[in-house]
Amino acid sequence: MQRTLGTCYYPEHWREEIWEDDAKRMAQTGLSWVRIGEFAWSRIETTPGQLQWEWLDRAIQTLVSADLKVVLGTPTATPPRWMVDRHPDMFALDQNGQIRGFGSRRHYCFSHEGYRAECRRIVQLLAERYGPGDQIAAWQTDNEYGCHDTTVSYSTAARHAFVNWLRDRYGDDISALNKAWGNVFWSMEYDRFEQIDLPNLTVTEANPAHTQAFRRFSSDQVISFNKEQVDILRAHSDAPIAHNYMGRVTDFDHHKIGADLDIASWDSYPLGFLEDRVGATPDDQRRYARQGDPDFQAFHHDLYRAVGRGRWWVMEQQPGPVNWAPYNPAPLPGMVRFWTWEAFAHGAETVCYFRWRQAPFAQEQLHAGLLRPDSADAPALEEARQVAEELTEAPSAAVAQAPVALIFDYDAEWAWQVQPHGAGLSYFDLVMDHYRALRRLGLTIDIVPPTQTDFTGYALILAPGLIHMADELRQALEGAEGQVLLGPRSGARDADFNIPTTTLPPAIDGLDVRVIAVESLRPDMPVALAQVPENSTGPSTSAPPGTVGKYMEMLEGTAAPVLQTADGRPVAVSNGSTTYCAGWLDATGLERLLTHLCATAALPVQRMPDGVRTRKTATEEFWFNHLAKPTDSPVGVLPPAAVVRRPIDND
Amino acid sequence: MQRTLGTCYYPEHWREEIWEDDAKRMAQTGLSWVRIGEFAWSRIETTPGQLQWEWLDRAIQTLVSADLKVVLGTPTATPPRWMVDRHPDMFALDQNGQIRGFGSRRHYCFSHEGYRAECRRIVQLLAERYGPGDQIAAWQTDNEYGCHDTTVSYSTAARHAFVNWLRDRYGDDISALNKAWGNVFWSMEYDRFEQIDLPNLTVTEANPAHTQAFRRFSSDQVISFNKEQVDILRAHSDAPIAHNYMGRVTDFDHHKIGADLDIASWDSYPLGFLEDRVGATPDDQRRYARQGDPDFQAFHHDLYRAVGRGRWWVMEQQPGPVNWAPYNPAPLPGMVRFWTWEAFAHGAETVCYFRWRQAPFAQEQLHAGLLRPDSADAPALEEARQVAEELTEAPSAAVAQAPVALIFDYDAEWAWQVQPHGAGLSYFDLVMDHYRALRRLGLTIDIVPPTQTDFTGYALILAPGLIHMADELRQALEGAEGQVLLGPRSGARDADFNIPTTTLPPAIDGLDVRVIAVESLRPDMPVALAQVPENSTGPSTSAPPGTVGKYMEMLEGTAAPVLQTADGRPVAVSNGSTTYCAGWLDATGLERLLTHLCATAALPVQRMPDGVRTRKTATEEFWFNHLAKPTDSPVGVLPPAAVVRRPIDND
Amino acid sequence: MQRTLGTCYYPEHWREEIWEDDAKRMAQTGLSWVRIGEFAWSRIETTPGQLQWEWLDRAIQTLVSADLKVVLGTPTATPPRWMVDRHPDMFALDQNGQIRGFGSRRHYCFSHEGYRAECRRIVQLLAERYGPGDQIAAWQTDNEYGCHDTTVSYSTAARHAFVNWLRDRYGDDISALNKAWGNVFWSMEYDRFEQIDLPNLTVTEANPAHTQAFRRFSSDQVISFNKEQVDILRAHSDAPIAHNYMGRVTDFDHHKIGADLDIASWDSYPLGFLEDRVGATPDDQRRYARQGDPDFQAFHHDLYRAVGRGRWWVMEQQPGPVNWAPYNPAPLPGMVRFWTWEAFAHGAETVCYFRWRQAPFAQEQLHAGLLRPDSADAPALEEARQVAEELTEAPSAAVAQAPVALIFDYDAEWAWQVQPHGAGLSYFDLVMDHYRALRRLGLTIDIVPPTQTDFTGYALILAPGLIHMADELRQALEGAEGQVLLGPRSGARDADFNIPTTTLPPAIDGLDVRVIAVESLRPDMPVALAQVPENSTGPSTSAPPGTVGKYMEMLEGTAAPVLQTADGRPVAVSNGSTTYCAGWLDATGLERLLTHLCATAALPVQRMPDGVRTRKTATEEFWFNHLAKPTDSPVGVLPPAAVVRRPIDND
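Keep in mind the model is a prediction, meaning the values are calculated, not measured.

The rules behind each value
Residues numbered from 1 in each chain as written. Chains lettered and ligands numbered in written order. Predicted model: local features only at pLDDT ≥ 70, side-chain atom pairs only at ≥ 80, totals over all residues. Heavy atoms only, no water. Helix = DSSP H or I, 4+ residues; strand = E, 2+ residues; numbered from the N terminus. Buried < 20%, exposed > 50% of the residue type's maximum accessible area, 1.4 Å probe, protein only. Contact = heavy atoms within 4.5 Å. Least-squares fit on C-alpha atoms with pLDDT ≥ 70 in both. Core = buried A, V, L, I, M, F, W, Y, C linked by side-chain atoms within 4.5 Å. Phe/Tyr/Trp six-rings, centres within 6.5 Å; stacked < 30°, edge-to-face > 60°. Lys NZ or Arg CZ within 6 Å of the ring centre and 35° of its normal. Pairing = 2+ DSSP bridges. Axes fitted to C-alpha atoms, helices over the stretch in contact; angles between N-to-C directions. Polar contact = N/O pair within 3.5 Å; in protein donor to acceptor, adjacent residues only side chain to side chain. Buried area = accessible area lost by both parts, 1.4 Å probe. Salt bridge = Lys/Arg side-chain N within 4 Å of Asp/Glu carboxyl O. Nonpolar A, V, L, I, M, F, W, Y, C, P; charged D, E, K, R; others polar. Expected span 1.5 Å × (residues − 1). Arc of directions from axis to C-beta. Domains from an automatic or database assignment.

Describing the environment of H434 of chain A
Residue and element names in this part refer to chain A.
- Looking at where H434 falls in the secondary structure, it is placed in helix α16 (residues 427-440).
- With relative accessibility at 5%, the residue H434 sits in the buried group.
- In the structure, H434 is positioned 152 residues away from D586 in sequence and 9.8 Å away in space, judged by C-alpha atoms.
- H434 has contacts with L406, L462, P464, L485, L590 and L594, leaving out every residue within four places of it along the chain.

Shown next, in the form of structure tokens:
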């Protein structure tokens, strides 16, 4: 696999006279790729049916002539204003029934059939014109599906589509739906599918089965919207097709959509995400203000490697301060290079910087680019050039399977949102806590989808918080060779959001444990773990033993305790190969449990110094210092923004 | 009076085959009562006019055959989905005009005439079928009026009804209304009643007279809605009629509705209420996380004893973690028994546990029951059984009049909400502060309505915060034999929310004091009280003297000071029998004042240890330890969740 | 210029029998002015077309007969209820499209043509009746434009007017608008002006150019609304015309509206503003709870002196606790006198107390007056009388030009709101920080509009945060004799909200500096300044050197550094006469920079003791102690609420 760089470019924003020079400077910087076109609908089709291809032809020609490879975006994320005249009801509605109208971007409802037809039409035109030949090296569908909370819409179009989706799912049998959802509760039974409304504007919470079904439907709408574009592009082009996902946008199932695409890519804004997506404490927000969280980007790199089934890019890489976060500091010098190498360490094929030149107008005028608005070099350009040079000596890489698999399940994320039971309980945060703990132990991780059935080669498999577990996954985990960590909430609901009652959860073959009650706790009421568990096969410690809190389950059964509370209640129990954890462990407790499981699995761990992270590919070992100060590490003192790349001693 | 136990059961949720076993287990546990039916409309009337009585007949028969007494609920809190097709505008609207639609419960506006007719129809049918004979031992109307903020609706139906309500109140004379409300202010005068809108969606605050009138109207709508059901049930049945109220739901006048019913009952969720209804500090939320607030349940027990005019139940008693609070911990072992005995100590006839079996589906699937979802015993079942056994030795009780009366006035609660004057000032909190202070002094309390005119036998009468005082109450208090404590804000507004100007408030005969100005203060700006009041008949202290804060009045007049600020301004003044307190005292100040008044009234007080509370009935003295640890008390060391019941030495 | 006192009176609120006595008591107190009528429309025109002048004639006559001068308000802030029947769509809509309806005040949209016609009609009638003769000594238009966020409306009327306003601005050329706004970004281009919607209800932020245009339009609507009234009044009366502005209401351009009026006046509520307009810390909120912020009123006095081009009043002066702030404490004794003299120190002609008598009804029933609701003297009356007596010995005053000019630009305020870039960044706060720093240095300040072109006589000219600078201002500042302080963000956008790219900002002739990047920082991440700047012409210090934070720019160019960060980046740079500051300095940093500039300008400064402020007029020097305790000062120990007035030694 070749490692390459690129950028995002908007020829329609600039005088045509400078295109050629722009292209030349891109190539001189060492960039190979340039993404264009994804917001250009109003210039391609200035009025309905009037196509203006010539400028785009010339722009592509200019870029290709400079030896750049073009990624062409379908422009469906920004329908022009005339589209609204043709489809006045094309907008999504928010949970309060408020229109999300024209004037920025993503102003469409995924369920609107009229707009879908328009999208098929423009993609068809685009594919017909640019699909043949080899001018286009890759495609991008739309742009950042789900950004600005646009997956879930409460429009009339969405309601109609939801009713049909339910009709399909429940075999057009309304009593089957009533039974599956428990609608007898509170007399919520329906007589006909047409009576089913979206689960907003209720007096108190709607039936969680209703809401979860709506979340699944909403995700499916994104997937089918994307599939329509993919099918058209494939019919006219052999170039690979990508979409650019976002950080912590989880409203649609990326694993599912990824199966329809060739490449997963994502838009990585380490500083933009820090304040309100990472979940960092104020202390860490200050500490990592100019570097970004040490695990958040890595997590998404690993996640999108799974979504792309191995092929993944960073389509947009933050090159300086952005405009849209609560606070928008400048990166520490060296961080743009650092982030690029971090992506490569996780197996990225290509990293594109967003954007080539800072726009002096409109919403993102304070978003830095590789060039300043006056076309002078911005600081990131030199760092990109440095990576390009470094790549000439390390042009290719190969990703190896990691020793650890961590399952990430979008359906579980929605279910936790639908029914957190305790304020602030989030599946994403739970998985991130596990991911962080693994990283602090120096481990290289694969994220895998819940549809994974082959866990061969994994010494450790983590499946926290999988509130519903399909039979296939359950069987795969029961048969896995590695150490398996489940819980809390594993299998706590069936496919229709009911508590299984024949056998109480988690119902794992060979592990005699049942969750007989659950409780959620104030986050400031942690329960201390025991130093040395009584009658336990688990790890004793003389250090602070950690805590369990926020969410705890009461267990029944004979499985051997691995961790207990100080007053003797089981927290994690095991049968030697499968461990079930019945609560939300703090960092200390989680590391203690994982260290124990790694030891059992004979998987070596290496405690990372504060702010330091490491990762291995098939042939290289990377070390990163995320602190703004020098720090000691097993590979020597690392200055701020340091990246160390070493060949792996595979003897 | 017999003390009995019961539970809440939903036969429609379960296979008919297990009903008989359920009934048998209830009886074996020692339960006497079973409430059913209150959410079953969609099963009773599956389509409009198609009544399905047979299953309900069999369910009742099964329960009665097991020697259980049935409370049958009218199902009007959960109209089925077909009702919405018949009455598409039946919903309440919130303050922003947003529909509160179908999909959970309580989705109706109390002012909708069409829905009211439907309710009369179904109650009539229910009463005709089950009223005759003795199968039904008691009735419940609807369920938790006002829950989920459903008392106040801004619908068109509400507006029409409000206009008519005003027309009645002001003798169809629009100038009388304009004058009464001071509508000349800001040119708000109306020409016709039809012009009057609901007091929402105004540019800045609406006229408080307007808003208060709307709050009174909204309360009256609940009362007339309930009365319609009561009249129909009474025409067909001799069984007593109850309604199940909630904790800190104050949007309608429970005293008024209680006058139409035979029994008051309430739904007591000590842990569910702790986070956001009690007003506890985070420290106390942690401290009482598994026990509940030491005074909140007691207050409601006393309040609903007043509302039921002596006859009251707990219709729903929390038996384990619930699903709906911000955090949902499990109770400390023993607390279910503890809460049951606490209710009996306050004179409850019956305590019913909600619910018999945890439902594995729908909104409350994480609400614990006496049985687990797999039908095994949940922890609470054993505690219920223990109480049932204890009751065999103490089957009956008698409540005695308490030495202290505390007035609770729903109209005052609304007035303080309409015009708090200082952020966070709440009548409910003010009354609770007085109630807590009395309890810390070991006193047994009666809560009484503002319509009380006979205070014979009360050594101490508290009427804090009564912003409007009817002449009858004023006279009754002026003539009372006990020590009377008024203020702040007593009589500060007339019946139309105007400041009385002929004599400034409080205008109490024989107490020369006038409130000439008021101020509200940041809660972090308390004003110190004097240790020894100058020229004062009040108590001196060498301990910290307490503070007044949040709200203070400036007084004029010759009444003798009882408490003063450190800089000599009067805070409480007295004529020897009536005391007026001109500010919001802290716990220390309030205890100091109340201790002084008790001494004057020759009423002995006993300072409670932290977390300990006591109460006397006619024949018994109860002691409760609300702490999660053992604590010393006048009746010995009390373990956590301890209940001590002792005969009173009436010599 | 004579200094006089007055009050605000509502004859329509009171029985006619007491008018004469009220007038007599006003005169006896020493008041000269009485404002009436501004909320009386429903009494003047009881039904459409039915004018009731007689009561108003008699009221005016009564007041004039007592030698009071009458300010007559146009009643357009409170249209009567019948107006809504005539113009059901006259209301403003808020950002969510919610109606802001009848029931309080200011319930109209400035763009509604029907309501505008009604306003012209009633003002015409009023002017015709009371304009001739000399009964009316001054006029007030409407009341508190913009109060309760009423400047910006999202109604259909506003949309139509906005489209026309844009058509004018862009010469009816839609491609000119598209280009000016950069609408090519995200395909936001319009085909026709009619397609342009208001910038609300978008999926993510609207184009800042769009929003800023809408803010400018909204301001212009207020100005033209007011102008219509002024033109009518002028045609019938020679009396001066005023409007009463508010504290920190900045949604319309007061400088522009002031140019149409004769007198600026404002409504000064020092305690009402403290909690949520001043931006004070909780500590300062407690510290100044009964005195008000030491600079907030002074700032507005200076601001409205500029708006009134020298002639300004306090139309409403807080006389005791008000009803509308989060907390409403009583002023410290003496503060009503203090605030009055403070206004005179800043050049006020007249201070009117709001209101004469506390109303016992409606929204403001807890707003203190000079009289209590029972007509007895409230505490403020005595303080007003004292000022009146003091004025007999100091009846007149003259304002001198201050040595310091501080530009305040409403357009900049909107631009910072439209695009703060960092959470909480506010132009108003930035200007206030500069104003406070100047006051702590004992300086007397003129606020000037951004249209000022003559800076003769100013030793120091401050223009912080002027994100757009008109060419005229830029030239005037470049040619000014005094020391000029610019930045941050000076000239950062052109007139259409684009970043200038030919030369990067600030583009000041003779100052070689360019802002090449910007960043915003968490407020808890201040960057330390250097003690002694390297290669710097600026001030060194051995004291704590201060910090820069929240917002920082990266500079390029050869201008000499005056302040630097501890790690050597330039923060302020200068060419000897113009200084550009590239960040938000803290109090210490700002004082350090200003002290340096004053020294350069040979302008003496005098560090004020905590809570003490001073100001000079042409002939007097005032000293004020804002603390609630005595404090030492250059003019001796000042007791709480002290005002010292001394003749200036002009030798």
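Concerning the relation of the copies chain B and chain A
- Aligned on chain A, chain B shows an RMSD of 0.0 Å; the corresponding rotation is 120 degrees and the shift along the axis is 0.1 Å. The transformation just described matches what one would write down for a three-fold rotation axis.

Structural notes on the nonpolar core
- If you look at the biggest cluster of nonpolar residues, it comprises 660 residues, and the most contacted ones within it are F455 of chain A together with F455 of chain B.
- Among residues more than four places away in sequence, those in contact with F455 of chain A are A405, I407, V448, I461, L473, A476, L477 and A480 of chain A.
- Among the nonpolar cores identified, the runner-up in size contains 6 residues, and M608, V612, L638 and A642 of chain A belong to it.

Structural notes on the packing of aromatic side chains
- For the coordinates displayed, the defined rule picks out 139 aromatic pairs over all chains.
- Between the aromatic rings of Y10 of chain A and F354 of chain A, the centroid separation amounts to 6.2 Å while the plane-to-plane angle is 75 degrees, which identifies the pairing as edge-to-face. Remark: F354 of chain A occurs in the loop between β12 (350-353) and α14 (379-393) and Y10 of chain A occurs in the loop between β1 (4-8) and α1 (19-29); sequence separation between them is 344 residues.
- Residue Y10 of chain A is classed as buried on the basis of its relative accessible area, which comes to 2%.
- Measuring from centroid to centroid gives 5.1 Å for Y108 of chain B and F110 of chain B, while their planes differ by 70 degrees, and the two rings are edge-to-face. Across the pair, exposure class does not vary: Y108 of chain B and F110 of chain B are buried alike.
- The positively charged end of R489 of chain A is found above the aromatic ring belonging to Y551 of chain A, 4.2 Å away from the centroid.

Here's the deal with the sheet that holds strand β15 (residues 460-463) of chain B
Residue and element names in this part refer to chain B.
- Pairing within the open sheet is mixed, and its 7 strands lie in the order β14-β13-β15-β16-β22-β21-β20. Strands with a single pairing partner mark the edges of an open sheet, and in this sheet they are β14 (445-448) and β20 (560-564). For this sheet, the mean angle separating the axes of adjacent strands, direction not counted, is 20 degrees.
- Relative to strand β16 (residues 483-486), β15 runs parallel, the two being bridged by 4 bridges. Following the sheet pairing, L462 is matched in β16 by L485.
- Helix α16 (residues 427-440) contacts β13 (404-407), β14, β15 and β16 of the sheet and is inclined by roughly 170 degrees relative to β13.

Concerning the side chain of H112 of chain A
All names here are of chain A.
- Within the fold, H112 resides in the loop between β7 (99-100) and α5 (113-130).
- For H112, a relative accessible area of 6% puts it in the buried group.
- A polar side-chain atom of H112 sits 3.3 Å from the main-chain amide nitrogen of G114.
- Within the structure, H112 has its side chain in polar contact with the backbone nitrogen of Y115 (distance 2.9 Å).
- The residues contacting H112, other than those within four sequence positions of it, are H87, D89, M90 and A157.

Overview of the interface of chain A and chain C
- With 54 residues of chain A at the interface, the matching set in chain C holds 42 residues.
- When chain A packs against chain C, close to 4,300 Å² is buried across both sides, 55% of that on carbon and sulfur atoms.
- Interface area lost by chain A to chain C is led by Y327, Q363 and L366 of chain A, which between them contribute 16%.
- Between the two partners, chain A and chain C, sit 6 salt bridges.
- One salt bridge connects D524 of chain C with R286 of chain A, and the closest N-O pair in it is separated by 2.3 Å.
- Inspection of the chain A/chain C interface yields 27 residue pairs in polar contact (both at pLDDT 80 or more).
- Elements with a contribution of two residues or more to the side of chain A that touches chain C: α2 (41-44), α4 (81-86), β7 and α11 (282-287) of chain A.
- Partitioning the side of chain A that touches chain C into residue classes produces 23 nonpolar, 17 polar and 14 charged.

Quick notes on α5 of chain A
All names here are of chain A.
- Between its first and last C-alpha atoms α5 spans 26 Å; for 18 residues at 1.5 Å apiece the expected length is 26 Å, and the two agree.
- Taken residue by residue, α5 has Y115, R116, E118, C119, I122, V123, L126, A127 and Y130 as its buried positions. Looking down the long axis of α5, one finds its buried residues gathered within 165 degrees of arc, a one-sided arrangement.

Observations concerning the pattern of salt bridges
- All told, the structure shown has 163 salt bridges over all chains when counted by the stated rule.
- A salt bridge links R35 of chain A to E38 of chain A; its shortest N-O distance comes to 2.8 Å. Here R35 of chain A and E38 of chain A have matching classes, each one buried.
- The salt bridge involving E382 of chain B is made with R385 of chain B; its shortest N-O contact spans 2.7 Å. Linking E382 of chain B with R385 of chain B, this pair stays in helix α14 (residues 379-393), spanning 3 residues, or about one helical turn.
- For E382 of chain B, a relative accessible area of 44% puts it in the partly exposed group.
- The exposure class of R385 of chain B is partly exposed, given its relative accessible area of 25%.
- When salt bridges with common partners are traced through the structure, they connect E275, D283 and R286 of chain A together with R522 and D524 of chain C into a single cluster.

Quick look at helix α18 (residues 587-600) of chain C
Residue and element names in this part refer to chain C.
- Between its terminal C-alpha atoms α18 stretches 20 Å, which fits the 20 Å expected from 14 residues at 1.5 Å a residue.
- Of all the residues in α18, the buried ones are G589, L590, E591, R592, L593, L594, H596, L597 and C598.
- The positive-phi residue at the C-terminal boundary of α18 is A602, with phi of around 55 degrees.

Points about the environment of S104 of chain B
- Examined against the element boundaries, S104 of chain B turns out to sit in the loop between β7 (99-100) and α5 (113-130).
- In contact with S104 of chain B, other than residues within four places in its own chain, are W186, M188, T202, V203, T204 and E205 of chain A together with Q363 of chain B.
- Within polar-contact distance, the side chain of S104 of chain B engages the backbone nitrogen of V203 of chain A at 3.3 Å.
- Of note is the side chain of S104 of chain B, whose polar atom sits 3.0 Å from the backbone nitrogen of T204 of chain A.

Notes on the environment of A368 of chain A
- Relative to the helices and strands, A368 of chain A is located in the loop between β12 and α14.
- Setting aside its immediate chain neighbours within four residues, A368 of chain A contacts P319, G320, P321, F354, R355 and Q358 of chain A.

Overview of the domain arrangement of chain A
All names here are of chain A.
- Domain boundaries in chain A define domain 1 (4-151 + 219-393), domain 2 (156-211), domain 3 (404-600) and domain 4 (612-647).
- Buried surface at the junction of domain 1 and domain 4, summed over both partners, amounts to about 1,400 Å²; 63% is from carbon and sulfur atoms.
- The three residues of domain 1 that bury the most area against domain 4 are F338, W341 and A345, which together make up 39% of that side's buried surface.
- Taken together, the connections running from domain 1 to domain 4 amount to 2 salt bridges.

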